[in-house]
Amino acid sequence: MAVTDTKTFTAPKVKQTKILINGEWRDSVSGKTFPTINPVTEEVIAEVAEGDKADIDLAVKAARNAFENGPWATMDARDRGQLLHRLADLVEENFDELSALETLDNGKPISDSRAADLPLVIDCLRYYAGWADKIHGQTIPVRGNYFTYTKREPTGVCGQIIPWNFPLLMVAWKWGPALATGCTIVMKPAEQTPLTCLRLGELVIEAGFPEGVINIVPGYGPTAGDALVRHPGVDKIAFTGDSNTAKIIMSAASQTLKRLTFELGGKSPNVVFADADLDAAIAGAEFGLFFNQGQCCCAGSRLFVEESVHEQFVEKLVQQASSRKLGDPFLAETTQGPQVDKAQYDKILSYIEKGKQGGAACLTGGEPLEGKGYFIEPTVFANVTDDMEIATDEIFGPVLSVLSFKDMDEVIRRANDTNFGLAAAVWTKDVNKAHIFASAVRAGTVWVNCYDVFDAAAPFGGFKQSGMGRELGEAALANYTDLKTVTMNLG
Ligand code: NAI
Ligand code: MG
């Protein structure tokens, strides 16, 4: 028999399930644990220490102490950058294990963990490593005999609350700018996917970060998350997740007037004009929605196709969507794994039902897979109207709604008729049309003839109820610094 050169991937051993406070791994104060579930088998992967108010309190005290007193507080900025580079090195050294652990906990295909999540994590950490010694103020010509300059100082102790769709990448997006600026961190990973963040915590210690700079408290939102949001020792909350959760957080944080940044949901319009390279647009429409099982804040979930090409476009799109390879995420050829958990699976299936009941045409998919695991077929609805719930609500699953349009003015109006404003895309060969749409659409990111192109240097975030502040790029440094103005009397 010929030896096959196809690499095989398997679930790694889980090495860390405790709480990280002040450089030490501990059980929760209450002694409680919670299970993290394998979305393929529906079985428990591991029991994880369940942090709550008391653990958050200890973590915040450690982070506060590290911010004010520890070696971190006086470390040269360039040395902070070197620590970030060291962490990136360790992620590279543990690439196989971390990508497999991500696939185990989240269910995403191993090919995606290896080609997207891990490389983006490494790139993000290195990008912010480079910023650490390049954060500076200005000298400002004021009236009178004074010398005025500004400094950008770290905001302080940052509570960071992240979701489960890109568990490790969300850690990198949050830690990169916070560490580059000299803040300290209490992170609460999502209860569905705590494992890669905890393993990264081990690498933090190995990299040599001072104790208390990075603390990790796994647990649930309304308990550990809420305690972090309310804690008076926390200066800032950075949150990624549901827009409705952000409203709860904003209200809870108001008592201590914390700085807030939010990266939230969307119902992003993906607009295809008849003059576009249609094959490229079909591939972009498929990738823009089905990537990561449709669990993307920026998913192109409202696909507007110009009327004259609508029929041929949808026909090919359906072919392509239905040929996606659903199954074991550890197989290299799998392109779609299970949804992350039962709650998401149930939510998505209920939207599919609403689509069918509401009169949209379900052209492919529309059913869960039989047997174990939270698998849902890639689903395409046509004849969708703007008022249907599948066209207005964030479904966060493999469900694409196709709408047809006649002209630019109409599609701009309809694209903007939403409380969300995270991302948008336009497909056309006409440069004027691309610019007109990019300028008129109310969204934080606009992709032209591409979708889901991310770079650590390019800011990302939402207009309207899709967010506050920007992640990535130089822009994210503003989330983690406060501006100080110093005026000296020269008289
Ligand atoms: P969620 O917003 O409840 O969870 C995200 C994070 O917030 C988790 O770490 C969770 O523990 C924490 N959290 C929840 N309630 C909290 C509270 N009261 N205080 C502090 N932290 C809290 O999102 P969930 O329930 O996982 O998903 C619901 C829907 O949200 C999804 O179906 C999807 O539509 C949307 N979503 C959007 C994401 C995005 O990237 N924009 C990511 C995840 C979910
Ligand atoms: Mg929730």
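Thresholds applied
- All residue numbers refer to positions counted from 1 along the written sequence of the respective chain.
- Throughout, the order in which chains and ligands are written sets their labels, letters from A for the former and numbers from 1 for the latter.
- Where local features are concerned, this predicted model is filtered to residues with pLDDT of at least 70; where side-chain atom pairs are given and counted, the filter is 80 or more; whole-chain, interface and lining totals use all residues.
- Values reported for side chains reflect all heavy atoms of the structure, with hydrogen atoms and water molecules removed beforehand.
- Only Phe, Tyr and Trp rings take part, Trp by its six-membered ring, and two of them pair if their centres are within 6.5 Å. Stacked means planes under 30 degrees apart, edge-to-face means over 60, and tilted covers everything else.
- In this description a helix means any DSSP run of H or I spanning at least four residues, a strand means any run of E spanning at least two, and both kinds are numbered starting from the N terminus.
- The buried label goes to any residue with under 20% of its type's maximum accessible area, the exposed label to any with over 50%, and the partly exposed label to all in between, with areas taken from a 1.4 Å probe on protein chains only.
- Geometrically, a lysine NZ or arginine CZ counts as sitting over a ring once it is within 6 Å of the ring centre and also within 35 degrees of the ring normal.
- Exposure above 30% relative accessible area and the lack of any salt bridge qualify a residue for a patch; like charges then connect within 9 Å, and the nonpolar side chains Val, Leu, Ile, Met, Phe, Trp and Tyr within 5 Å.
- Residue exposure ignores everything except the shown protein chains as possible cover, and the areas themselves are Shrake-Rupley values with a 1.4 Å probe.
- One side-chain nitrogen of Lys or Arg within 4 Å of one carboxyl oxygen of Asp or Glu is enough to make a salt bridge.
- Note on definitions: the grid is 1 Å and covers protein atoms alone; a cavity is a set of points where a 1.4 Å probe fits but cannot get out; a pocket is an open set with protein on both sides within 12 Å along at least five of seven lines; lining residues have an atom within 4 Å of a point.
- Grid points are joined across faces, edges and corners, and a volume is the space filled by probe spheres set on the points.
- Residues are grouped as follows: Ala, Val, Leu, Ile, Met, Phe, Trp, Tyr, Cys and Pro are nonpolar; Asp, Glu, Lys and Arg are charged; all remaining types, including Gly, are polar.
- Geometry is summarised by axes, namely lines fitted to C-alpha atoms with helices restricted to the contacting stretch, and by angles between N-to-C directions that run from 0 to 180 degrees.
- Orientation is classified from the angle alone, with under 35 degrees giving roughly parallel, over 145 giving roughly antiparallel, 65 to 115 giving roughly perpendicular, and any other angle giving oblique.
- For a crossing to be left-handed, the near helix must be turned anticlockwise from the far one by less than a right angle; the clockwise case is right-handed.
- Contact between two residues is taken to exist if any of their heavy atoms lie within 4.5 Å; hydrogens are not considered.
- Paired strands, as defined in this entry, are two strands with at least two bridges between them according to DSSP.
- By convention, a crossover is right-handed whenever its connection, traced from the first strand over the helix to the second and viewed with the strands pointing away, goes clockwise.
- Identification of polar contacts relies on pairs of N or O atoms within 3.5 Å, with a donor-acceptor requirement for protein atoms, meaning one able to donate a hydrogen and the other able to accept it, and with residues adjacent in sequence counted only if both atoms are side-chain atoms.

Below, the discussion takes up the packing of aromatic side chains. Inspection of the entire model under this criterion finds 16 aromatic pairs. When the ring of Trp173 is compared with that of Phe460, the centres are 5.7 Å apart and the planes differ by 70 degrees; the resulting orientation is edge-to-face. Placement of Trp173 in helix 6 (residues 167–181) and of Phe460 in the loop between strand 18 (445–448) and strand 19 (467–468) is noted, with a sequence separation of 287 residues between them. The buried category is assigned to Trp173, whose relative accessible area is 6%. Summarising the aromatic geometry, the rings of Phe287 and Phe291 are spaced 5.1 Å apart at their centres and angled 40 degrees between planes, so their arrangement reads as tilted. Among the aromatic residues, those joined into a ring-pair cluster are Trp173, Trp447, Tyr451, Phe454 and Phe460. Arg80 extends its terminal NZ or CZ atom over the ring of Trp72, reaching a point 5.9 Å from the ring centre. Above the face of the Tyr480 ring, Lys236 is positioned so that its terminal group lies 5.0 Å from the ring centre.

This part takes up a nonpolar patch on the surface. Taken together, the side chains of Ile140, Val142 and Tyr146 define a hydrophobic patch exposed on the protein surface, amounting to about 230 Å² of accessible area. When you line up the elements, Ile140 lands in strand 5 (residues 139–140).

Before going further, it helps to spend a moment on the layout of surface pockets. Of the volumes computed, that of the second largest pocket is approximately 240 Å³. If you go around the second largest pocket, the residues you meet are Phe67, Trp72, Ala73, Met75, Ala77, Arg80, Ala132, Ile135, Arg152, Pro154, Thr181 and Gly182. Going through the elements one at a time, helix 2 (71–74), helix 3 (77–93) and strand 6 (146–154) are the ones with two or more residues in the lining of the second largest pocket. Across the lining of the second largest pocket, the residue classes tally to eight nonpolar, two polar and two charged.

It is worth spelling out the packing of helix 14 (residues 408–415) against helix 15 (residues 431–440) at this point. Their axes nearest at 10 Å, the elements helix 14 and helix 15 cross at an angle of 30 degrees. Judged by the angle between their axes, helix 14 and helix 15 are roughly parallel. Helix 14 and helix 15 meet at a crossing whose hand is right-handed. Each of Met408, Ile412 and Ala415 in helix 14 lies in contact with helix 15, whose residues at this interface are Lys433, Ile436, Phe437 and Ala440. Its residues assigned to classes, the contact of helix 14 with helix 15 comprises six nonpolar, no polar and one charged.

What the three strands build is an open sheet, ordered 5-6-20; its pairing is antiparallel. Across the chains shown, the open sheet's two edge strands, defined by having one partner strand only, are strand 5 and strand 20 (481–489). Bridge count between strand 6 and strand 20: nine bridges; the pairing is antiparallel. The residue of strand 20 that forms the bridge with Thr148 is Thr487.

Before going further, it helps to spend a moment on unusual backbone geometry. We note that Phe396 has phi near 60 degrees; this positive angle belongs to a residue other than glycine. Checked against the element boundaries, Phe396 lands in the loop between helix 13 (389–392) and strand 16 (399–405). The phi dihedral of Lys464 falls on the positive side, at around 50 degrees, and the residue is not glycine. Residue placement: Lys464 occurs in the loop between strand 18 and strand 19.

Going residue by residue along strand 12 (residues 269–272), you find Pro269 and Val271 tucked away on one face and Asn270 and Val272 tucked away on the opposite face as well. Inspection of the sheet shows strand 12 paired to strand 13 (residues 302–306) by four bridges, in the parallel sense. Directly across from Val272, in strand 13, lies its bridge partner Val305. In terms of handedness, the path from strand 12 via helix 10 (residues 278–290) over to strand 13 forms a crossover that is right-handed. The sheet contact formed by strand 12 and strand 17 (residues 423–427) spans three bridges and is parallel. Bridged to Val272 within strand 17 is Trp427.

A few words now on the environment of Asp277. Residue position: Asp277 is located in the loop between strand 12 and helix 10. On the basis of relative accessibility, which here comes to 42%, the residue Asp277 falls in the partly exposed class. Asp277 sits 122 residues away from Thr155 along the chain, and the two C-alpha atoms are 47 Å apart. Within the local environment of Asp277, its side chain forms a polar contact with the backbone nitrogen of Asp279, the two atoms lying 3.3 Å apart.

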